[in-house]
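Survey of secondary and tertiary structure
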Amino acid sequence: MSAAFMNTPSTAPAAPLHQPSPGLWMLAWRRLKHDKVGMVSLAVVIIFLLMMVGSYTGLIAKNWSKEAGVSYANPSFMAGAENLEAVRTKADPNAIKIEPVDLSDIDPLAPRYKEWAERTAKIKTTETPRAETLPFGGDKWGRDVLQKAIKGAETSIFVGLFAALFAVFIGTTLGAISGYMGGKIGDLLEWFYNVFTSIPYILLILAFAAVFASSPQLAAYKGVPMVVAILAFTGWTGIYRLIRSEYIKHASREYVKAAQAIGASNSRRMFVHILPNVSHVCLVQLSQHVVQFIKAEVILSYLGLGVPVDSVSWGTMLAEAQSELVIGKWWQLAAAGISMAILVTAFSMLTDSLRDALDPKIK
Amino acid sequence: MENLLEVKNLNVKFRLDGNQIFEAVKGISFDVPKNSTVALVGESGSGKSVSAMSIVRLLPKETAIISLDSEVNFEGHNLLRLADDKMRAIRGKDISVIFQEPMSSLNPVFTVGDQIAEVLRLHTRMTRKQAWSRAEELMNEVGIPNPKLRMNSFPHELSGGQQQRVMIAQAIACEPKLLIADEPTTALDVTIQKQILDLIANLQQRHQMSVLFITHDLAVVGEIADHVVVMQSGEIKEKATAKAIFETPQHPYTKALLSCRPSVDQRPKRLPVIADFLRPEGVNKDNLVQRKRGYEAGDQIVLEVKNLSKKFTLKDGLFKRREVVAVKDASFKLARGKTLGLVGESGSGKTTVGLTLMRLHNASSGEVLFDGVDLLKLSEKDFLKYKRRIQIVFQNPYASLNPRFTVGQILIEPMKIHSIGRDEQERTSMAMALLTRVGLPDISFYKYPHEFSGGQRQRIAIARCLTMKPDVLICDESVSALDVSVQAQVLNLLQDLQDEYQMSYIFISHDLAVVKYISDQVMVMSEGDVVEVANSDEIYLHPQHEYTRKLLGSIPKGWHASTVPTA
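About the criteria used
- Residues numbered from 1 in each chain as written.
- Chains lettered and ligands numbered in written order.
- Predicted model: local features only at pLDDT ≥ 70, side-chain atom pairs only at ≥ 80, totals over all residues.
- Helix = DSSP H or I, 4+ residues; strand = E, 2+ residues; numbered from the N terminus.
- Buried ≥ 20, exposed ≤ 12 C-beta atoms within 10 Å, placed from the backbone.
- Contact = placed C-beta atoms within 7 Å.
- Domains from an automatic or database assignment.
- Nonpolar A, V, L, I, M, F, W, Y, C, P; charged D, E, K, R; others polar.
- Pairing = 2+ DSSP bridges.
- Axes fitted to C-alpha atoms, helices over the stretch in contact; angles between N-to-C directions.
- Core = buried A, V, L, I, M, F, W, Y, C linked by C-beta atoms within 7 Å.

Comments concerning the overall build of chain A
Secondary structure summary: chain A contains 13 helices and two strands in total. Put simply, chain A has 363 residues, and 36% of those count as buried. Sequence separation of 24 or more characterises 74% of the internal contacts of chain A that already satisfy a separation of 6 or more.

Put into structure tokens, the structure is as follows:
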């Protein structure tokens, strides 16, 4: 409304040439910048992402699997607390020493004992001193829970992010085809979708996990890639539905007709013209699904279908925490739970802010 | 005469993105006397709707700032200072509003009877039954046929004109003292517009109420208004009685508004635009020379359409299918450098003809001969070569440009598809040249469509078609969504381009004055049938068909209509 119509170019306000004007993304970014909650959430998410990159490249939490402390080492802030488990595993100096029975008469190997003893003396063994406390406590094997949480974040965020990316990719492609083409192809995809969603979600995940795990060809990808695949193949349905409805709406818009009139092909109309106009839906879906899949990974790992035992994720940490909690070792649960809660909350709030910033009409 | 409403020093500002402030209404004052119609006239962005909405306090609270010394006095109360609940009691009862879009102003899930009765039950002590029967009377009063049956209809079952009638019935249900009509006829066909205007004038007389009528079209106002307030960019340029405005306009802006609408009896070479009047030297006399129109012997025929038909099949029930004939046996010829006007009401099939020619719809039967080749029989691949030679400019400039593309991308895309221009650089310079040609600054190349006004966007859409240097340009209601003043500018541009490139136009519109102005030949359509085809002067002077006569009779004639009795 504010843009008054200009009759001749000469009356146009003098503007510096070639100054790119703010596109819709730029405007959305400006709106997001005004949103304090959104910016704080964005900062938190970025910190987590940096942490993930750091742990992946080995800059931090490199030694997470090192057994640095005593079993269930106390967190440093409660150093004085009793730790019965650590005591039990350590050699007890007060134990009564029993003389070994001399068997040298009947032992055929006895003459070689001395030789072996000499040989072992040559091998240097260093007993690493085990710390009594760790910054945020230790687990059963004395591994640093804080480092575990950081390494676990790497796995969880990786799974969440990539599974969400794949799911959005599948959902968007199918949704675009179904919504834009309609007709028989649309019906076919709708049927497929209906069959897919009629199976209970957890059951579907379990079925995929079982099939993937039993297939010899896929067994090589066991672990994180398989979790990503399972989540993506089961999680695309909601996105498909939304994108499909967006495409139905946009396919009849005049700008798409105009593109048809100038001779743009079907795929060009679908992906060059319409896609940028529904991309905000994809983006919001992406961030929502990251949250959902991080939680789903936790559930999968908890059920033993997730990441393998030799790696760590928030899910495996929570699974371990179950038995620890009984003996009062709460820190592993707290570390995984709190970091997950912070990330998920920040991500959800960022999603909300993104939606507001990208679609100001809703406000 | 006693005043019902007095607006004093009304000043409205809007808070924009960031901390910018936009002053939409700059301290205006006007009165609405009792039992009279006041028209508020101006272009989009002149602040006319904002003024009206601030009277009923329907502006968004978060962004609109009404300055403290503004006053809106209605029956001794300053409405701007009234408590919210008192204001709510006034709204709908003493002051009611009709909006532009009847379809989006009615709730689609309630029957129209319910919606009229609801207003009555909110503001009066009527029982459900009384309200229902009163609603029925109102439906009858606003001229809806068979009101008893129609009470149970849902909004989508009614036509646009009937929906607007329902809106009016709702508005007058509580016998308001003031009716605010915000562009109530802009979305409607000419014939319906005429009926609605008559209805409003009629109701005003009968109920002795006052009407504040908001429009961008001065011609509409002449028939119903007693007083006219002309607004431009938030200021009142002129306020006077309708007679004075039409007979002795004082302000150049008023004069400009009066003359930029094409009239049926004149055809200047270029339409005068507002800038012409605001210049000190005035309108260029050369432009007012009359232009001769019409097909002549020896015209080269570019496009010949024979017996074009289009049927749509609709699902009716579970298995049944019903055929709807949108276009029936349309035949016409289009000459090089000439314009064929296509006129008819909504649903007459005129747009379908345009879309079928471009194969945006598949024709059911018929031939479209272009250079001797039947376009309808070509394969999709072969047709691509011809696609660039027939182009279309759509009605709604807000919808026809992809909002995520810069203007540069919009213009370069068709050139890429049809391999026009050697490289990116050449295409860019061609696009820049076209922007200059359609009257937009070079900087537009880097901007996005949302930064332009409606008229400018329509120029971009025209430039996009020009990139392909088409032989035929279909203008599908291309100027209908624009303000009268902007419409004149775009029509001038189209005319200049035709003179320069010898393009042929198919000009589709429901506005007869515009079609008369721009067309050589006119084809009148009604319910899929071609009713009449003739040279444009011929059709306006000697209409052969009853339907054509009816259409011609509904053109708003400005002031003269009410003073000079029709012969």
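Some remarks on the domain arrangement of chain B
A common way to state how big an interface is: give the accessible area lost once the parts meet. Per the domain assignment, the segments making up chain B are domain 1 (31-55 + 79-249), domain 2 (297-389 + 470-486 + 501-567) and domain 3 (400-467). Tallied by class, the residues present in the side of domain 2 of chain B that touches domain 3 of chain B amount to five nonpolar, one polar and one charged.

Quick word on the sheet that holds strand 7 (residues 95-98) of chain B
Residues and elements named next belong to chain B. If you trace the six strands from one edge of the open sheet to the other, you get 7-8-9-3-10-11, paired in mixed fashion. In this open sheet, the two edge strands, each paired with only one partner strand, are strand 7 and strand 11 (235-241). With direction set aside, neighbouring strand axes in the sheet form an average angle of 15 degrees. Taken strand by strand, helix 7 (residues 160-172) contacts strand 7 and strand 8 (178-182), and its axis lies near 175 degrees from that of strand 7.

Focus on unusual backbone geometry
Trans peptide bonds make up most of the peptide bonds, and negative phi angles are found at most residues other than glycine. Phi at Asn35(B) takes a positive value of approximately 50 degrees, unusual for a residue other than glycine. Within the secondary structure, Asn35(B) sits in the loop between strand 2 (21-33) and strand 3 (37-41).

Brief notes about the nonpolar core
One finds Leu231(A), Val41(B), Leu212(B), Val221(B) and Ile474(B) to be the most contacted residues of the largest nonpolar core, which totals 232 residues. Aside from chain neighbours lying at most four places away, what touches Val41(B) is Thr215(B), His216(B), Leu218(B), Val221(B), Val228(B), Val229(B), Val230(B), Met231(B) and Leu257(B).

Some remarks on the pairing of strand 1 (residues 3-15) of chain B
Residue and element names in this part refer to chain B. Here ten bridges tie strand 1 to strand 2, and the two strands are oriented antiparallel to one another. Looking at strand 2, one finds that Val-12 is bridged to Val-25. Bridge count between strand 1 and strand 5 (residues 71-74): four bridges; the pairing is antiparallel. Paired with Val-7 across the bridge in strand 5 is Val-72.

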